[in-house]
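Summary of structural features
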Amino acid sequence: MDKNKRLATWMPIIIAASIALGIFIGNRFWLFNNGKSKNFASGNKINAVLDIIEEQYVDTVNMKQLVEGTIPKVFSELDPHSVYIPAADAAAVKEDLEGSFSGIGVSFNMELDTILVISVIPGGPSEKAGIKPFDRIVTINDSIYAGNHTDRNKVQKLLRGMKNSTVKLGIKRDNQPDLIELEVTRGDVPVNTVDVAYEVAERVGYIKVSKFGRTTYNEFITAIAKLKQDDCQSFIIDLRSNTGGYMDAAIKMINEFMPEGRMIVYAEGKAFPRFTSYANGTGTCLENDIVVLTDEISASASEIFSGAIQDNDRGLIVGRRTYGKGLVQSPIKLNDGSEIRLTVARYYTPSGRCIQKQYKLGEQEDYDQDIYMRYMHGEFDSADSIKQIDSLRYETVEGRTVYGGGGIMPDIFIPRDTAGYTSYLSTVINKGTLYMYALVYSDAHKKEFQKYNNYRDLWNYLKTQPLVNDFANYAVKKGIRKRPNLIAISHKIIENQLQAYIIKNFFDDAGFYPVFLNDDITLNKAVSILTDGKPLMEHAMNNKKL
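Predicted model only: the values in this text are computed from it and were never measured.

Re the overall build of the chain
- A count of helices and strands for the chain gives 19 helices and 23 strands.
- Long-range contacts, defined here as pairs at least 24 residues apart, represent 68% of the contacts in the chain between residues at least 6 apart.
- Looking at the chain as shown, the accessible area adds up to about 27700 Å², and 50% of this sits on carbon and sulfur atoms.

Re unusual backbone geometry
- Despite not being glycine, Asp 231 has its phi angle at roughly 70 degrees, a positive value.
- With respect to the helices and strands, the residue Asp 231 is situated in the loop between α7 (216–229) and β14 (234–238).
- Looking at Asp 231, the relative accessible area reads 38%, which means it is partly exposed.
- Look at Ser 241: it is not a glycine, yet its phi comes out positive at around 65 degrees.
- On the secondary structure map, Ser 241 appears in the loop between β14 and α8 (247–255).
- Accessibility expressed as a relative area gives 45% for Ser 241, which makes it partly exposed.

Let's talk about the packing of aromatic side chains
- Evaluation of the coordinates by the stated rule reveals 23 aromatic pairs.
- Look at Tyr 452 and Tyr 461: their rings are 6.2 Å apart centre to centre, the planes differ by 35 degrees, and that puts the pair in the tilted class.
- Here Arg 274 stacks its cationic end above the ring of Tyr 266, 3.7 Å away from the centre of that ring.
- Taking NZ or CZ as reference, Arg 320 lies 5.7 Å from the ring centre of Phe 380, over its face.

Observations concerning the side chain of Ser 126
- Along the chain, Ser 126 turns up in helix α5 (residues 125–129).
- Residue Ser 126 is classed as buried on the basis of its relative accessible area, which comes to 0%.
- When residues no more than four places from it in sequence are discounted, the contact partners of Ser 126 are Ile 104, Gly 105, Val 106, Val 120, Ile 131 and Val 184.

With respect to the pattern of salt bridges
- This model, assessed by the stated rule, comprises 23 salt bridges.
- In this structure, Lys 446 and Asp 174 form a salt bridge, with 3.5 Å as the shortest nitrogen-oxygen distance. Here Asp 174 lies in the loop between β9 (166–172) and β10 (180–185) and Lys 446 lies in helix α14 (residues 446–449), a separation of 272 residues in the sequence.
- Take Asp 174: its relative accessible area is 38%, and that puts it in the partly exposed class.

Notes on the environment of Lys 446
- Judged by relative accessible area, Lys 446 falls into the buried class, the value being 15%.
- With 313 residues separating them in the primary sequence, Lys 446 and Pro 133 have C-alpha atoms 8.9 Å apart.

Observations regarding helix α12 (residues 423–430)
- Along α12, the residues classified as buried are Tyr 424, Leu 425 and Val 428. Each buried residue of α12 lies within a common arc of 100 degrees when the element is viewed along its axis, so the set occupies one face.
- Tucked into the core, α12 has its buried residues touching α13 (433–444), α16 (467–477) and α17 (484–516).
- Positive phi appears at Gly 432, one or two residues downstream of α12, with a value of about 75 degrees.

Describing the sheet that holds strand β23 (residues 412–413)
- Pairing is mixed across the open sheet formed by six strands, whose spatial order is β12-β13-β14-β17-β18-β23. The open sheet has two edge strands, β12 (194–201) and β23, and neither has a second partner.
- As paired strands, strand β17 (residues 289–294) and strand β18 (residues 316–319) are joined by four bridges and run parallel to one another. For Val 291, the partnering residue across the bridge sits in β18 and is Leu 316.
- In this fold α7 packs onto β12, β13 (204–209) and β14, with an angle of close to 20 degrees to the strand it touches most, β12.
- Packing of helix α9 (residues 301–311) onto the sheet brings it into contact with β14, β17 and β18, and relative to β17 it is tilted by some 135 degrees.

Quick notes on a negative patch on the surface
- Residues Glu 363, Glu 365, Asp 366 and Asp 368 make up a contiguous surface patch of negative charge.
- Structurally, Glu 365 can be placed in helix α10 (residues 364–368).
- Of the residues examined, Glu 365 reaches a relative accessible area of 61% and is grouped as exposed.

Side note on the pairing of strand β7 (residues 136–140)
- Most of β7 is tucked away, with five of its five residues classed as buried.
- Here β7 pairs with β9 via four bridges, running antiparallel. Looking at the pairing, Thr 139 lines up with Gly 170 of β9.
- As defined by bridge partners, β7 adjoins strand β8 (residues 143–144) across two bridges and the pair is classed as antiparallel. Across the sheet, residue Ile 140 finds its bridge partner in β8, namely Ser 143.
- Linking two consecutive strands that pair antiparallel, namely β7 and β8, is a turn of two residues; a positive phi of about 50 degrees is found at Asn 141 within it.

Focus on the confidence of the model for the chain
- Averaged over all residues, the pLDDT of the chain is 88; the fraction at 70 or higher stands at 90%.
- Across residues 3–9, where pLDDT falls below 50, the model places zero contacts with residues more than four positions away in sequence or in other chains.
- Low pLDDT, under 50, characterises residues 11–43; the stretch is placed with 51 contacts to residues that sit more than four places away or in other chains.

Quick notes on the packing of α8 against α9
- Running from N to C, α8 and α9 cross one another at 25 degrees; their axes reach a closest spacing of 9 Å. Comparing the axis directions of α8 and α9 gives the class roughly parallel. Viewed along their axes, α8 and α9 form a crossing whose handedness is right-handed. Contact residues: α8 offers Met 247, Ala 250, Met 253 and Ile 254, while α9 offers Ala 301, Ile 304, Phe 305 and Ala 308.
- Its residues assigned to classes, the contact of α8 with α9 comprises eight nonpolar, no polar and no charged.

Regarding the nonpolar core
- Ranked by size, the top nonpolar core spans 58 residues in total, and within it Ile 236, Val 291, Tyr 424 and Phe 471 carry the most contacts.
- Sequence-distant contacts of Tyr 424, defined by excluding residues within four places in its chain, comprise Phe 471, Ala 472, Ala 475, Ile 480, Arg 481, Arg 483, Leu 486, Ile 487 and Ile 494.
- Val 194, Ile 254, Cys 285 and Val 292 belong to the second largest nonpolar core, which has 38 residues in total.

Focus on the pairing of β18
- Burial along β18 is two-sided: the face carrying Leu 316 and Val 318 and the face carrying Ile 317 and Gly 319 are both buried.
- With two bridges joining them, β18 and β23 adopt parallel strand pairing. Residue pairing in the sheet places Gly 319 in a bridge with Phe 413 of β23.

Notes on the packing of helix α15 (residues 455–462) against α17
- Where α15 meets α17, the closest approach of the two axes is 10 Å, and the angle between their N-to-C directions is 130 degrees. Put simply, α15 runs oblique to α17. By crossing handedness, the relation of α15 to α17 is classed as left-handed. Between α15, through Tyr 455, Leu 458, Trp 459 and Leu 462, and α17, the contact on the second element is made entirely by Gln 499, Ile 502, Ile 503, Phe 506, Phe 507, Ala 510, Gly 511, Pro 514 and Val 515.
- Per-class residue counts for the contact of α15 with α17 are eleven nonpolar, two polar and no charged.

The rules behind each value
- Residues numbered from 1 in each chain as written.
- Predicted model: local features only at pLDDT ≥ 70, side-chain atom pairs only at ≥ 80, totals over all residues.
- Heavy atoms only, no water.
- Helix = DSSP H or I, 4+ residues; strand = E, 2+ residues; numbered from the N terminus.
- Contact = heavy atoms within 4.5 Å.
- Areas by Shrake-Rupley, 256 points an atom, 1.4 Å probe, with all protein chains shown as cover.
- Buried < 20%, exposed > 50% of the residue type's maximum accessible area, 1.4 Å probe, protein only.
- Phe/Tyr/Trp six-rings, centres within 6.5 Å; stacked < 30°, edge-to-face > 60°.
- Lys NZ or Arg CZ within 6 Å of the ring centre and 35° of its normal.
- Salt bridge = Lys/Arg side-chain N within 4 Å of Asp/Glu carboxyl O.
- Arc of directions from axis to C-beta.
- Pairing = 2+ DSSP bridges.
- Axes fitted to C-alpha atoms, helices over the stretch in contact; angles between N-to-C directions.
- Patch = residues over 30% accessible without salt bridge, like charges linked within 9 Å, V, L, I, M, F, W, Y side chains within 5 Å.
- Lys, Arg positive; Asp, Glu negative; His and termini not counted.
- Charge placed at Lys NZ, Arg CZ, Asp CG, Glu CD.
- pLDDT = per-residue confidence, 0-100.
- Parallel < 35°, antiparallel > 145°, perpendicular 65-115°, else oblique.
- Left-handed = near helix turned anticlockwise from the far one by under 90°.
- Nonpolar A, V, L, I, M, F, W, Y, C, P; charged D, E, K, R; others polar.
- Core = buried A, V, L, I, M, F, W, Y, C linked by side-chain atoms within 4.5 Å.

Right, here's the structure in full:
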């Protein structure tokens, strides 16, 4: 019994270690042939172990399933960002960063009675076929998907497909008695990574970048050009909650602001020759002031961007300390379409700071808990709770002190805004009740609201409506008890978010962000910095805190 227990304990570890070696060792040798052992090179032990299991294990083993289940265990013993991606998931993982996928070009919600179309991409396949916002997709290829709690991922797979392939949809529109039968030819659907760009204050442009993908730089340049046409002379780049993406996209964006010869980033590893990137001086914003917004979710390419701006004293970082992901992953495709993303190097800012926070091999859970522990230690509320390591002291181009050890510490710290937050607000946000009410409300008033030509006119109308009271009654029907005192405390936030989500249903992100960020203290601080007439570095030297 003890022997069997030990075997059960160690067998997965033996297999995991063997498969890890097998990724890099491709030659195959047999250890046993007709019950007789053969000599083999130690480097081929992986294949020998697998062959032993396949030939001599007491039961028939699904070797493919065994390998697929064990490889992730191998990577769990490495750093937190090396990962194995099965073939079935590889394409989906890439879509968000590649800039497009093939589909019908709609965003939809399934929380109501069926598949509700929220928006239709202008010029996309669905618009060409005649689909409109707030249409309900009842059938897909003659199969009913109404009121049957179909999995969202399944619907998404049905609507996506090969370019130029077709999908037949049955559409329910308003009170029309019969379904409208439409055939949609799938096409390229863009995945935007620059969510919005608008003039947030006089001559101050705001750009929200959600990730760094294949098309991000082109989207960014287009946004800059648009804002300059509106006479914007300084820019706020919002990288909050941006978890990163392609390094080259961040480098190209930084180059737009950086004088010739300034270092942007460098990376190096054991088998990764040092790579250093310098600005070439061709940027379009060399004379424009810049403020970058960050928070604890800003990671990887976001930290490359903010670190380069900070170390070169090119602009200010405002917000909270970034995540601390400075490991470089190299994608390696395997023959079956699966992929591994193996850490091969570390990023360093121009001053020499390693962006990566500390970790221990194989201790993924502790690493994942880091953000929570930072919250518990009070880091989101006070910069004084962050203890800098003196041995990791570095200097910017102008001699300002910055610290390594993980993440980018902002020049001006902004604590999280806790005003108006209550347990009631947390409940309605976490359960999605705010969003669902906005959707139901928008659906009920779609004909009226579609007459508005811009989000500001709709916003002015919504300000006259008793949205919060109506919402509280709606929430009661969803099982959330009305809490008048807590609702009064959170009234302003609830009202703002309801207005923003309703406007988003008619004007997308171009209307959503100006409303949602109307009272954002981090954004407002950035605006005040850029409009008070003082040099940016004066703010950095004073290291003001709110």
